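Chain by chain, the residues run as shown.
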Amino acid sequence: MSGRPPARRRRRTSRKAKGPDALTLGIAAAAGLGLVIAVVQWLLTHWWLLVVLAVVAACAGGFWLKQRSDRSRWERVRAQGLRYQLSQLDRLHHTDFEYAIRDLLRRDGCTEAVQVGGAGDNGADVKAVDPVGRRWVIQCKHRRNGAAGSPVGTPDLHVLNGTGRQLHGGDVVVLVTNGRFTSKCAPLARSQRLHLVDRGTLGEWAAGSRPLWELLQKLPPPRKPSPLL
């Protein structure tokens, strides 16, 4: 008995979703244009509101600028009045001592004074640029017992001499301590154009109003003129 073969089911093909047609896009564009025109007409009718908003914005901006100027001015006043006694510096942690040196440089007008000491500092604890463009690289050696502590020796100077100019690009390379140096440090510093700030010089600098560059001798020439000096 022969029968007809079963009819094959037709596979339904899924129609791809069509995007918005031209009519829909035209309606949307017209609606958007109408909204823009309505907003412009409203603003032209209520022009005084724009004036009020502009005045408010100007007042707010002026107030913000004045506040910023006042903060900067008082910060300069505070920095210019910064003083340290040697007894205060002796009590500091060695990291806080580095920050104190940074702050004294800022007091003197160094706009780029930063504390960089720590692991891998390569002999530099504080870096700064003075008002005449010279780059300062400073290594700090803090002694908790001040002058009674162990003296800073030539090994520290050798480290600073090897990195101060080559790695850090310093024009003025300084080793500062609240303690003292061994007798061999001064000749080595002179021969290598390094500068030493011992306890006496540090005390005069920290407690007075003269910048450090007025207390040191044989500094390199300025990189640029400045009204501050």
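As a reminder, the structure under discussion sits directly above these lines.
Only a predicted model underlies this, so the values are computations on that prediction, with no experimental measurement involved.

S.K.: Please explain the overall build of the protein chain as it appears in this structure.
M.R.: Each helix and strand counted, the protein chain has seven helices and five strands in total. N-terminal to C-terminal, the α/β element order of the protein chain is α-α-α-α-β-β-β-α-β-α-β-α. For the protein chain, the residues scored as buried account for 34% of the 229 residues in total. Nonlocal contacts in the protein chain, meaning residues at least 24 apart in sequence, comprise 59% of its contacts between residues at least 6 apart. Carbon together with sulfur atoms contributes 57% to the accessible area of the protein chain, which is approximately 15600 Å² in total.

S.K.: What is the right way to read a nonpolar patch on the surface from this model?
M.R.: On the surface, Leu-35, Val-39, Trp-42, Leu-43, Leu-50 and Leu-53 cluster together into a nonpolar patch covering about 550 Å² of accessible area. Those elements giving two or more residues to the nonpolar patch turn out to be helix H1 (22-45) and helix H2 (47-80). Relative to the assigned elements, Leu-43 resides in helix H1.

S.K.: I keep staring at the layout of surface pockets and nothing clicks. Help me out?
M.R.: To find leftover empty space, one rolls a probe the size of a water molecule over the atoms. Approximately 340 Å³ is the volume attributed to the second largest pocket. As for the second largest pocket, its lining consists of Ala-186, Ala-189, Arg-190, Arg-193, Leu-194, His-195, Leu-196, Leu-216, Gln-217 and Lys-218. Among the elements of the structure, helix H6 (185-191) and strand S5 (195-197) are those that each provide at least two residues to the lining of the second largest pocket. Split by residue class, the lining of the second largest pocket holds five nonpolar, two polar and three charged.

What counts and how
Residues numbered from 1 in each chain as written. Predicted model: local features only at pLDDT ≥ 70, side-chain atom pairs only at ≥ 80, totals over all residues. Heavy atoms only, no water. Helix = DSSP H or I, 4+ residues; strand = E, 2+ residues; numbered from the N terminus. Buried < 20%, exposed > 50% of the residue type's maximum accessible area, 1.4 Å probe, protein only. Contact = heavy atoms within 4.5 Å. Areas by Shrake-Rupley, 256 points an atom, 1.4 Å probe, with all protein chains shown as cover. Patch = residues over 30% accessible without salt bridge, like charges linked within 9 Å, V, L, I, M, F, W, Y side chains within 5 Å. Salt bridge = Lys/Arg side-chain N within 4 Å of Asp/Glu carboxyl O. 1 Å grid on protein atoms, 1.4 Å probe; cavity = no way out; pocket = protein on both sides within 12 Å on 5 of 7 lines; lining within 4 Å. Points joined across faces, edges and corners; volume = space filled by probe spheres on them. Nonpolar A, V, L, I, M, F, W, Y, C, P; charged D, E, K, R; others polar.

Purely spatial values, then, with no claim about function.
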